[in-house]
Amino acid sequence: ASNICRFGAIPRLTFARTSAYVFQNSKRLSFLLSGKISAHDDEDYGFLSLQNDLLQKCSQAMANQDFAMCRLVGPELEQLLFSKLKEHGSFSSPLEREAFWISAITSATGFAHLCHFLDALRFIDKAIVLGLSRIKE
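This is a predicted model, so every value here is computed, not measured.

A. The arrangement of the overall build of the chain in detail. Within the chain, the regular secondary structure consists of five helices and zero strands. In the chain, the succession of helices and strands from N to C terminus is α-α-α-α-α. Only carbon and sulfur atoms are counted for the fraction: they give 57% of the accessible area of the chain, which is about 7700 Å².

B. Looking closely at the packing of helix H3 (residues 67-88) against helix H4 (residues 94-113). The contact between H3 and H4 brings their axes to 7 Å, and the two run at 145 degrees. In the crossing of H3 with H4, the sense of the turn from one axis to the other is left-handed. For the pair formed by H3 and H4, the contact residues are Phe 67, Cys 70, Arg 71, Gly 74, Pro 75, Leu 77, Glu 78, Leu 81, Phe 82 and Lys 84 on the first element and Glu 96, Ala 99, Phe 100, Ser 103, Thr 106, Ser 107, Thr 109, Gly 110, Phe 111 and His 113 on the second. Taken together, the residues of the contact of H3 with H4 sort by class into nine nonpolar, seven polar and four charged.

C. Here's a closer look at the nonpolar core. Leu 55, Leu 77, Leu 81, Phe 100, Trp 101, Ile 102 and Leu 130 are the most contacted members of the largest nonpolar core, which has 38 residues in total. At the level of elements, helix H1 (12-39), helix H2 (42-63), H3, H4 and helix H5 (117-129) are the ones that each hand at least two residues to this core. Looking at this core element by element, the count peaks at 10 residues for H4. Residues within four places of Ile 102 in sequence aside, it is in contact with Tyr 21, Val 22, Asn 25, Ser 26, Leu 29, Leu 55 and Cys 58.

D. Main features of the environment of Leu 121. Within the element layout of this structure, Leu 121 appears in helix H5. When the C-alpha atoms of Leu 121 and Ala 104 are compared, they prove to be 9.4 Å apart, with 17 residues separating the residues in sequence.

E. Region of the structure containing the side chain of Ser 107. For Ser 107, the location among the structural elements is in helix H4. Discounting residues that sit within four places of it in the chain, Ser 107 has contacts with Cys 70, Gly 74, Pro 75 and Phe 123.

F. Inspection of the packing of aromatic side chains at higher detail. Considering all chains together, one arrives at four aromatic pairs under this definition. For the ring pair Phe 15 and Phe 67, a centre distance of 5.8 Å and an interplane angle of 70 degrees mean the geometry is edge-to-face. Remark: Phe 67 occurs in helix H3 and Phe 15 occurs in helix H1; sequence separation between them is 52 residues. The same class applies to Phe 15 as to Phe 67, namely buried. Ring geometry for Phe 91 versus Phe 100: centroids 5.8 Å apart, planes at 50 degrees, classification tilted. Given a relative accessible area of 0%, Phe 100 falls into the buried group. Each member of the aromatic cluster is reached from another via a ring pair, and the members are Phe 82, Phe 91 and Phe 100.

G. Structural detail: unusual backbone geometry. Phi at Gln 65 is positive, roughly 50 degrees, even though this residue is not glycine. Here Gln 65 is to be found in the loop between H2 and H3. Phi is positive for Cys 115, which is not a glycine, with a value near 65 degrees. When you line up the elements, Cys 115 lands in the loop between H4 and H5. When its relative accessible area of 45% is taken as the criterion, Cys 115 is described as partly exposed.

Analysis parameters
Residues numbered from 1 in each chain as written. Predicted model: local features only at pLDDT ≥ 70, side-chain atom pairs only at ≥ 80, totals over all residues. Heavy atoms only, no water. Helix = DSSP H or I, 4+ residues; strand = E, 2+ residues; numbered from the N terminus. Areas by Shrake-Rupley, 256 points an atom, 1.4 Å probe, with all protein chains shown as cover. Axes fitted to C-alpha atoms, helices over the stretch in contact; angles between N-to-C directions. Left-handed = near helix turned anticlockwise from the far one by under 90°. Contact = heavy atoms within 4.5 Å. Nonpolar A, V, L, I, M, F, W, Y, C, P; charged D, E, K, R; others polar. Core = buried A, V, L, I, M, F, W, Y, C linked by side-chain atoms within 4.5 Å. Buried < 20%, exposed > 50% of the residue type's maximum accessible area, 1.4 Å probe, protein only. Phe/Tyr/Trp six-rings, centres within 6.5 Å; stacked < 30°, edge-to-face > 60°.

Quick look at the structure:
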């Protein structure tokens, strides 16, 4: 069985909307993070580099419709950002919040593809609680 599938459990229109959101926003965030990476000290460099790398992998997984990769990199980025949120009490920038939303959408897409809808909803619910608005039709 291949991880890459053109016809999964996710309706095409829904996948088109979510993947478009991930592509557009991850490209913009990655560009902004690259600027922050070059301007920060060694302590922030590691975190920002890992965040940027995982963000790009989320975008690639969605672009390739690699739902197994969505289930790997999405939760990894989500956990990285959520642990920082719990440690500091808030995201240190709007970029982290938006990266969190992308991680949640990527994760939910990967889990929904396998019809693991409760797992998918847990990611989306957390993102909505943290400010994600409904993706417009």
